Structure formats: C-alpha cells, structure tokens
Amino acid sequence: MTTPTRSPLFVRGAEVPAYHPANHDHTSNQRLIGPANGARHLEVVLGTIGRGGGALPHAHPGMEQVCYLLEGTARAEVDGEVFDMQPGDCCLFPADALHVFTVTSEQPARLLVIYSPPYGEDPAKVRRT
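Residues numbered from 1 in each chain as written. Predicted model: local features only at pLDDT ≥ 70, side-chain atom pairs only at ≥ 80, totals over all residues. Heavy atoms only, no water.

Visitor: What exactly am I supposed to notice about the environment of Pro35 here?
Guide: When you line up the elements, Pro35 lands in the loop between strand E2 (24-33) and strand E3 (43-59). A relative accessible area of 52% places Pro35 in the exposed class. Separated by 85 residues in sequence, Pro35 and Gly120 have C-alpha atoms that sit 8.5 Å apart. (Helix = DSSP H or I, 4+ residues; strand = E, 2+ residues; numbered from the N terminus. Buried < 20%, exposed > 50% of the residue type's maximum accessible area, 1.4 Å probe, protein only.)

Written as structure tokens, this is what we have:
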C-alpha cells in the first residue's frame, strides 16, 4: 500500500526547507505558501531571526509586506516611524516604503511574513539603499 501524496494546499512546516534571504543578517526563512502551492496573489513565509539580526534597509516596489511576531521582540522601522514589537504585534510595510526589521530579544524571534503579490526572493522586486 502506498501513501498518497499530500496536496500542495496543506503544508507541514517541519518539511519545508529553509533558505537564507539576501540583505538579511542571522535569518532563516521557510516559504510556507506561494506560487508552488497555487497561490497567485500572496506568499507566506516563516522567519527565524537571531539576536541582532534582521532585514537591512530596503523597499519592495509594488508589493505590500506584513510581519506578525510570534516569539521574541523586534524593532520595525517604516519611513522613519519606529515600533517596538512584542509577540502578537503586527506591522505593515506599504508598497515602496523603505523599512528595516531588527531583533531586539536575547532569544531568536519567529515571525510570519506575508507578501502580496508573492516575492519569491526575486531581486527585481526589491530596492536596497
């Protein structure tokens, strides 16, 4: 008897390979939902970021980004506004807005990141300072 292949609509996070995104320090991401699952308008990424790590200043032309903090603490900066985040906090990085995300806790931070449209680590979809 063979085990049926699981649908791409259902994702077991422990089975998703990690990658290290460009322009980020001490960061390991797992792309949970995206075009490979059939999503056309969004992407969901689980990020784990070590102490002092995070995203260096950048913007995503034409793309919105949401970060929901699950564990740890972090500082989000968007167009000069600063927000110290705790678990359960959420922030929006509007399309084209310069933003920075830095972990401030001793332990690693874990967060869900949602992009619309999907980012896919496409260098054409990011502007660095």
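So much for the structure itself; the text now carries on.
Visitor: Please clarify how the nonpolar core should be interpreted in this entry.
Guide: The nonpolar side chains of a soluble globular protein tend to be buried, and buried together. Ranked by internal contacts, the top residues of the largest apolar core, which has 22 residues, are Cys67, Leu69, Phe93, Phe101 and Leu111. For this core, the elements supplying multiple residues, two or more each, are E3, strand E4 (64-71), strand E5 (74-78), strand E7 (90-93), strand E8 (99-103) and strand E9 (109-116). At 4 residues, E9 tops the list of elements feeding residues into this core. If near-sequence neighbours (up to four positions away) are discounted, Cys67 is found in contact with Met85, Asp89, Cys90, Cys91, Phe93, Phe101, Leu111, Leu112 and Val113. (Core = buried A, V, L, I, M, F, W, Y, C linked by side-chain atoms within 4.5 Å. Contact = heavy atoms within 4.5 Å.)

Visitor: Explain unusual backbone geometry to me, please; I cannot follow it from the model alone.
Guide: For residues besides glycine, phi is generally negative; the peptide bonds are generally trans as well. Here the residue pair Ser116 and Pro117 is connected by a cis peptide bond, since its omega of -5° sits within 30 degrees of zero. Along the chain, Pro117 falls in the loop between E9 and strand E10 (127-128). A positive phi angle, close to 55°, is found at Glu121, a residue other than glycine. Among the structural elements, Glu121 can be located in the loop between E9 and E10.

Visitor: Sorry, what's going on with the pattern of salt bridges here?
Guide: When their charged atoms lie close together, side chains carrying opposite charge are able to pair. Under the defined criterion, the tally for this structure stands at 6 salt bridges. Across the pair Arg31 and Glu43 runs a salt bridge, and its minimum N-O distance is 2.6 Å. A residue pair is termed long-range when its members are at least 10 positions apart, and Arg31 in strand E2 and Glu43 in strand E3 qualify at 12 residues. What makes Arg31 partly exposed here is its relative accessible area of 28%. In this structure Glu43 comes out as buried when scored by relative accessible area, which is 1%. (Salt bridge = Lys/Arg side-chain N within 4 Å of Asp/Glu carboxyl O.)

Visitor: Could you clarify how one ought to interpret empty space enclosed by the protein in this entry?
Guide: It is the rolling of a water-molecule-sized probe over the atoms that shows where space remains empty. This structure, assessed with the given rule, holds 2 cavities of 30 Å³ or more. In this structure, the largest cavity occupies an estimated 170 Å³ of space. Lining the largest cavity are 18 residues; nearest its centre among them are His24, Ala55, Gln65, Val113 and Tyr115. For the lining of the largest cavity, the element with the highest residue contribution is E3, accounting for 5 residues. Looking at the lining of the largest cavity residue by residue, the classes come out as 10 nonpolar, 7 polar and 1 charged. By volume, the second largest cavity is sized at about 40 Å³. Every residue along the wall of the second largest cavity is listed here: Ala22, Asn23, His24, His58, His60, Tyr115, Tyr119, Val126 and Arg128. Residue classes in the lining of the second largest cavity are distributed as 4 nonpolar, 4 polar and 1 charged. (1 Å grid on protein atoms, 1.4 Å probe; cavity = no way out; pocket = protein on both sides within 12 Å on 5 of 7 lines; lining within 4 Å. Points joined across faces, edges and corners; volume = space filled by probe spheres on them. Nonpolar A, V, L, I, M, F, W, Y, C, P; charged D, E, K, R; others polar.)

Visitor: How should the pairing of E2 be read in this particular structure?
Guide: Successive side chains on a regular strand alternate, one facing one side of the sheet and the next facing the other. As judged from the 2 bridges shared by strand E1 (residues 18-19) and E2, these two strands associate in the antiparallel manner. Within E2, the position partnered with Ala18 by the bridge is Gln30. Taking the residues between adjacent antiparallel strands as the criterion, E1 and E2 are bridged by 4 residues, where Asn23 takes a positive phi near 70°. Strand direction decides the pairing type here: E2 and E3, joined by 8 bridges, are antiparallel. (Pairing = 2+ DSSP bridges.)

Remember that the coordinates give geometry; whether it matters functionally is a separate question.
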